[in-house]
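So you can see what is in the structure, the chains are spelled out below.
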Amino acid sequence: MTLSCFELGERMLSVDETLDALAAMTPPPVDTHRVSLASACGGVLAVDVVSPIDVPQNTNAAMDGIALAWPDEVPGSDMRVDVVGDVLAGTRLPTSLAPGEAVRITTGAPLPVGADTVVMSEQLVEIGIPDRIRVEHPERVKRGQNVRQAGEDIARGQRVLGAGIRLRPQHMGLLASLGYAEIEVFRPLRVAVFSTGDEVTAPGEALPPAGIYDTNRFSLQGLLSRLGCEIIDLGILQDDLDSMRASLAAAAREADMVVTSGGVSVGQADWVKPALTAIGELGLWRIAMRPGRPLAFGLIHPTGGGTVPFFGLPGNPVAVMVTFLQFVQPMLRRMQGEHDWQPSRLTALAAEPLKSREERVDFHRGVYTGDDAGQLWVRTTGRQGSGILSSMVVANCLIEIGDGCAAVEAGAPVTIQPFGDLT
Ligand code: AMP
Ligand code: MG
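The structure reproduced in this document is the subject of the present report. Being a predicted model, the structure only gives us computed values, none of them experimental. (Residues numbered from 1 in each chain as written. Chains lettered and ligands numbered in written order. Predicted model: local features only at pLDDT ≥ 70, side-chain atom pairs only at ≥ 80, totals over all residues. Heavy atoms only, no water.)

Looking now at the overall build of the protein chain. Helix and strand counts for the protein chain come out as 7 helices and 28 strands. Taken against the 2.2 N^0.38 rule, which gives 22 Å for 423 residues, the C-alpha radius of gyration of the protein chain at 31 Å runs more than 25% over that of a compact globule. Expressed as a percentage of its 423 residues, the buried residues of the protein chain come to 47%. Measuring between centres, the 34 positive side-chain charges of the protein chain sit 2 Å from its 50 negative side-chain charges. (Helix = DSSP H or I, 4+ residues; strand = E, 2+ residues; numbered from the N terminus. Rg over C-alpha atoms; globule rule 2.2 N^0.38 Å. Buried < 20%, exposed > 50% of the residue type's maximum accessible area, 1.4 Å probe, protein only. Lys, Arg positive; Asp, Glu negative; His and termini not counted. Charge placed at Lys NZ, Arg CZ, Asp CG, Glu CD.)

Looking now at the side chain of R217. By the secondary structure assignment, R217 is in helix α3 (residues 216-226). R217 gets classed as buried once you look at its relative accessible area, which sits at 7%. A distance of 2.6 Å separates a polar atom in the side chain of R217 from a polar atom in the side chain of D214. If we skip the residues at most four places from it in the chain, R217 touches V193, S195, A202, D233, G235 and I236. (Polar contact = N/O pair within 3.5 Å; in protein donor to acceptor, adjacent residues only side chain to side chain. Contact = heavy atoms within 4.5 Å.)

In the vicinity of ligand 1 there are 15 residues, among which E199, D214, T215, G263 and G315 approach most closely. Within the side chain of S265, a nitrogen or oxygen atom sits 3.4 Å from an oxygen atom of ligand 1. In this structure, G315 approaches ligand 1 through a main-chain N or O atom, which is 3.2 Å from an oxygen atom. Surface burial for ligand 1 is 78%, taken as the share of its 480 Å² of free accessible area covered by protein chains. Going through the elements one at a time, β13 (190-196) and β15 (212-213) are the ones with two or more residues in the shell around ligand 1. (Near = heavy atom within 4 Å. Areas by Shrake-Rupley, 256 points an atom, 1.4 Å probe, with all protein chains shown as cover.)

Residues that lie three or four places apart on an α-helix share one face, since the helix turns once every 3.6 residues. For helix α5 (residues 272-279), the full list of buried residues reads V272, K273, A275, L276 and I279. Angular distribution of buried residues about the axis of α5 spans 160 degrees; they occupy a single face of the element. Buried residues along α5 sit in contact with β13, α4 (241-254), β17 (257-261), β18 (280-282), β20 (296-300) and β21 (308-313). (Arc of directions from axis to C-beta.)

Glancing now at the sheet that holds β20. The pairing of strands in a sheet happens through backbone hydrogen bonds and is either parallel or antiparallel. With mixed pairing, the 6 strands of this open sheet are ordered in space as β16-β13-β17-β21-β20-β18. Here the strands that pair on one side only, and so sit at the sheet edges, are β16 (230-237) and β18. Averaged over neighbouring strand pairs, the angle between their axes works out to 20 degrees when direction is ignored. For β13 and β16, the ladder comprises 6 bridges, and the chain directions are parallel. (Pairing = 2+ DSSP bridges. Axes fitted to C-alpha atoms, helices over the stretch in contact; angles between N-to-C directions.)

Gaps between atoms show up when a probe of the same size as a water molecule is rolled over them. For the largest pocket, the calculated volume is near 500 Å³. Lining the largest pocket are 31 residues, and of these Q329, R333, W341, G420 and D421 sit closest to its centre. Listed by contribution, the elements that provide at least two residues to the lining of the largest pocket are α2 (169-177), α6 (317-335) and β28 (413-418). Among the elements that take part in the lining of the largest pocket, α6 stands out by supplying 4 residues, more than any other. (1 Å grid on protein atoms, 1.4 Å probe; cavity = no way out; pocket = protein on both sides within 12 Å on 5 of 7 lines; lining within 4 Å. Points joined across faces, edges and corners; volume = space filled by probe spheres on them.)

Bringing the sheet that holds strand β5 (residues 79-87) into the picture now. With respect to topology, 6 strands assemble into an open sheet ordered β7-β4-β6-β5-β9-β8, the strand pairing being mixed. At either end of the open sheet lies a strand with only one pairing partner, and these are β7 (117-120) and β8 (124-126). Between one strand axis and the next, the sheet turns through 40 degrees on average, direction left out of account. Relative to β7, strand β4 (residues 65-68) runs antiparallel, the two being bridged by 4 bridges. The partner of L68 across the bridge, within β7, is T117.

Tallied over the entire structure, the rule returns 17 salt bridges. E182 is the partner of R34 in a salt bridge, and the nearest nitrogen-oxygen pair spans 3.1 Å. Of this pair, R34 sits in strand β1 (residues 32-36) while E182 sits in strand β12 (residues 182-186), placing them 148 residues apart in sequence. Residue R34 is classed as exposed on the basis of its relative accessible area, which comes to 51%. Look at E182 and you get partly exposed, because its relative accessible area is 39%. Between R34 and E184 there is a salt bridge, with the nearest N and O atoms lying 3.8 Å from each other. (Salt bridge = Lys/Arg side-chain N within 4 Å of Asp/Glu carboxyl O.)

Here the residue pair V55 and P56 is connected by a cis peptide bond, since its omega of -5 degrees sits within 30 degrees of zero. Along the polypeptide, P56 turns up in the loop between β2 (49-50) and β3 (60-61). Phi angles above zero are rare outside glycine, and N146 is one such case at about 55 degrees. Take N146: it is sitting in the loop between β9 (132-135) and β10 (147-148). Residue classification places N146 among the partly exposed positions, given a relative accessible area of 26%. Phi is positive for E359, close to 70 degrees, though the residue is something other than glycine. Mapped onto the fold, E359 is located in the loop between β23 (354-355) and β24 (361-370).

What follows is the structure, encoded as structure tokens:
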């Protein structure tokens, strides 16, 4: 990896330039390992999955009733059939049926050879003659009805899932239905997380007069754990160049990525960038967006080799979450093998005027709803300061106002990013 794509001088990068630069800097996906199916949910599939069987395996009954071998003569108004056996789920009839013969069958049981039609029990009448049954309304019986064909869901040899998808509960069921007990997934990423700041105080401790409780480490850990990462929690770093440099270097020896918050502006206590420059390379650090303008990205070169991506996120709690969602998340997902990921975006109409500025992207916290006509509307959560974390709690989406847009009028369309599986 090189930082050459960052040779953009000191000017501010747009959000799109930042995303492109970060995509170019993303390390290749981590190794893969085999895990039991029961522990694979949430992981990213590392192989294409081809079905070893037909699903369903056998052509089978879709209802309880009789499986019938279609008679040679078209059934008349008084249709009677010979019942030559029973097939319950889990059993098979070893013999085949002659035209006009039937077996009693339960839902899911394999049709005997020769049978092609299932008549449901509600249409069957006992007529007091053993092994003979009458079918009511025979004119309604269509040849081939109520039968599920072998392989109609998935055919043997079919590619069912592609490498790079994140496994959800329905994938677990699908893999199990194909008989897989283990599956190859990308191993979890190890991500080291620090907070920085002399004022930042761990929850549980008494709050000093000029202190603030450490918020960011906990929202970041929540985001990371939902992405399936293993978290290396390295606590709170003081605003001190030496300890920051040593801690970043130590973290990079253990982790696939290092993420800090705070200390990346241009204040006199902002040591993250100098610390990074001492042990690696600083890439970009100013992005035309709000919240989240001061964000440092770079590469740490730990002693012993390798290159570890580093994100120095801003200090304000909303800015931390927004920049994580926009920039850290895509890189983590790619490193986990989820190559095609994009945030989901919808268009909604602004329920109120929205403030913005040209030449930067604004991410407001929003609440979107649908009206009776199916139209989405979005309003903001109110005050949008980057320290007002309650705005993230109330919101169900981010409103993304692009850098070509100075303001949004009420009733105008805007892009929203609905909160997804992380938030
Ligand atoms: P900084 O960029 O370090 O000056 O941080 C910007 C603002 O975010 C300051 O008001 C900090 O007190 C606050 N801040 C920094 N880190 C945290 C944290 N971990 N939790 C809550 N607030 C923080
Ligand atoms: Mg600070």
